[in-house]
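Residues per chain, in single letters:
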Amino acid sequence: MASENAIRIAASAETGPKRQAILEAALLQMVERGFHGTTMPDVARAAGVGIGTIYRYFADKEALGNALFRHCKGALGDALWGGFPALPDVKARFDEAWRRMTVFAAAQPLMLGFCELHHHASYLDAESLAIEQRIVGPAIELLSDGQRQGVLRPLDPEIMAAMVWAMMVAVCVEAPRPFDSDLIAAAGDCAWAAIAMPSRT
């Protein structure tokens with residue numbers, strides 16, 4: 001059975017409980033074993049379904065991996081940017097984005113692990129890659145705005161975004177559970193300091 005931290009996709013006429021169980025099982029298996037280390041029989045056993053049932057929903061493992069990637073990345077994008085407040089101050093926007101990332105990490109550690117392991121995977125199709133870009137885009141704009149205002153270093157914004165993501169993942173993986181809000185905030189300040197222009201005072 002998938003762990004309590006696995007995704008919970010609302011069952012519907014289009015998805016159904018068996019497809020839900022397959023995706024939840026695939027998430028757990030692919031985080032623990034990686035995409036290439038996971039087999040369809042592994043997923044079937046973990047989901048409690050026959051191997052033929054998986055192929056009624058997914059043509060092959062790549063189709064399953066892409067469906068799971070799109071769900072996890074979509075959930076991350078909603079958590080990170082959904083209803084994001086229109087804050088004029090770049091630091092305040094960065095702090096809100098950092099807070100939202102760490103809230104997602106605490107609530108969905110398996111999703112975070114899957115996103116981290118699979119965002120450069122060779123099996124991703126055009127639709128999955130487009131979702132990745134829609135999530136990265138607002139981060140790039142935030143960082144680019146900080147550069148235009150002269151508060152962030154003149155580095156490639158994609159590099160800065162990758163640096164911040166890596167620091168967030170490191171903190172959320174290594175931090176004691178439950179997360180200490182002061183520790184998370186202090187780590188966010190360190191992440192900001194890594195990309196901010198040095199103080200002239």
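Please refer to the structure placed before this passage.
Below, the structure is looked at part by part.

Here is what the cut-offs are and how they apply
- Residues numbered from 1 in each chain as written.
- Predicted model: local features only at pLDDT ≥ 70, side-chain atom pairs only at ≥ 80, totals over all residues.
- Heavy atoms only, no water.
- Helix = DSSP H or I, 4+ residues; strand = E, 2+ residues; numbered from the N terminus.
- Contact = heavy atoms within 4.5 Å.
- Salt bridge = Lys/Arg side-chain N within 4 Å of Asp/Glu carboxyl O.
- Buried < 20%, exposed > 50% of the residue type's maximum accessible area, 1.4 Å probe, protein only.
- Axes fitted to C-alpha atoms, helices over the stretch in contact; angles between N-to-C directions.
- Parallel < 35°, antiparallel > 145°, perpendicular 65-115°, else oblique.
- Left-handed = near helix turned anticlockwise from the far one by under 90°.
- Nonpolar A, V, L, I, M, F, W, Y, C, P; charged D, E, K, R; others polar.

1. Describing the environment of Ala-44
Here is step 1: When you line up the elements, Ala-44 lands in helix α2 (residues 40-47).
Here is step 2: For Ala-44 and Ile-22, which are 22 residues apart along the polypeptide, the C-alpha to C-alpha distance reads 7.0 Å.
Here is step 3: Ignoring sequence-local partners within four residues, the contact set of Ala-44 consists of Val-49, Gly-50, Ile-51 and Ile-54.

2. A short note on the pattern of salt bridges
Here is step 1: What the rule picks out here adds up to 12 salt bridges.
Here is step 2: The partner of Asp-189 in a salt bridge is Lys-91, and the shortest N-O contact between them spans 3.5 Å. Of the two residues, Asp-189 is situated in helix α9 (residues 181-195) and Lys-91 in helix α5 (residues 90-107); the sequence distance between them amounts to 98 residues.
Here is step 3: Take Asp-189: its relative accessible area is 43%, and that puts it in the partly exposed class.
Here is step 4: The exposure class of Lys-91 is partly exposed, given its relative accessible area of 23%.
Here is step 5: Between Asp-145 and Arg-148 there is a salt bridge; the shortest N-O distance is 3.7 Å.

3. Quick notes on the packing of helix α4 (residues 61-81) against α5
Here is step 1: Contact geometry for α4 and α5: axes closest at 8 Å, N-to-C directions at 140°. Taken together, the axes of α4 and α5 lie oblique to each other. The chirality of how α4 crosses α5 is right-handed. Along the contact surface, α4 presents Cys-72, Ala-75, Leu-76, Ala-79, Leu-80 and Trp-81, while α5 presents Ala-97, Arg-100, Met-101 and Phe-104.
Here is step 2: A breakdown of the residues in the contact of α4 with α5 according to their chemical character gives 9 nonpolar, no polar and 1 charged.

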